Amino acid sequence: MEELFLKTEYGLFPIEEEIALKYNLKKGDFSPFTRGRVADKNGNFSAVPEIKAEEASQESLPEQELGGDGIFTTSEMLDFSEAADS
């Protein structure tokens, strides 16, 4: 496994291999606790973490929850922002 480091404004801090495996960290990810970037020993990280199509489809809401066409109406957005239910 590649050595991983947490990139912060104070420099690079090594990430133990056990921690990287436990949280499935890879170069380019954000740390789950500090929100710092996970980088290699040179401080390089990929621009955008890869999102698998399978994961992306699981995170999206079904169309029926969005009103059929997948778009919130203005009143739905206002209700959502105010935590109101219509």
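Residues numbered from 1 in each chain as written. Predicted model: local features only at pLDDT ≥ 70, side-chain atom pairs only at ≥ 80, totals over all residues. Heavy atoms only, no water.

Peer 1: Can you help me understand the overall build of the chain in this one?
Peer 2: When helices and strands are counted, the chain shows three helices and three strands. For the chain, the α and β elements follow one another from N to C terminus as β-β-α-β-α-α. By the burial criterion, 20% of the 86 residues in the chain qualify as buried. In the chain, the share of contacts with a sequence separation of at least 24, taken over all contacts with a separation of at least 6, comes to 34%. Total accessible area on the chain stands at roughly 7,100 Å², and carbon and sulfur atoms take up 54% of it. (Helix = DSSP H or I, 4+ residues; strand = E, 2+ residues; numbered from the N terminus. Buried < 20%, exposed > 50% of the residue type's maximum accessible area, 1.4 Å probe, protein only. Contact = heavy atoms within 4.5 Å. Areas by Shrake-Rupley, 256 points an atom, 1.4 Å probe, with all protein chains shown as cover.)

Peer 1: Please clarify how the pattern of salt bridges should be interpreted in this entry.
Peer 2: It is possible for side chains bearing opposite charge to pair when their charged atoms get close. For the coordinates displayed, the defined rule picks out two salt bridges. Between aspartate 29 and lysine 26 there is a salt bridge, with the nearest N and O atoms lying 3.7 Å from each other. For lysine 26, a relative accessible area of 39% puts it in the partly exposed group. Measuring nitrogen to oxygen at the nearest pair gives 3.8 Å for the salt bridge that ties aspartate 40 to lysine 27. Of this pair, aspartate 40 sits in the loop between strand E3 (37-39) and helix H2 (53-59) while lysine 27 sits in the loop between helix H1 (17-22) and E3, and the two are 13 residues apart along the sequence. Owing to a relative accessible area of 9%, aspartate 40 belongs among the buried residues under this scheme. On the basis of relative accessible area, lysine 27 is assigned to the partly exposed category, the value being 33%. (Salt bridge = Lys/Arg side-chain N within 4 Å of Asp/Glu carboxyl O.)

Peer 1: How do you make sense of the pairing of strand E1 (residues 4-8) when you look at a structure like this?
Peer 2: As a general feature of sheets, a regular strand has side chains that alternate between the two faces. Here five bridges tie E1 to strand E2 (residues 11-15), and the two strands are oriented antiparallel to one another. Paired with leucine 4 across the bridge in E2 is isoleucine 15. Connecting the antiparallel pair E1 and E2 is a turn made up of two residues. One ladder, built from three bridges, connects E1 with E3; its direction is antiparallel. Of the residues in E3, the one forming a bridge with phenylalanine 5 is alanine 39. (Pairing = 2+ DSSP bridges.)

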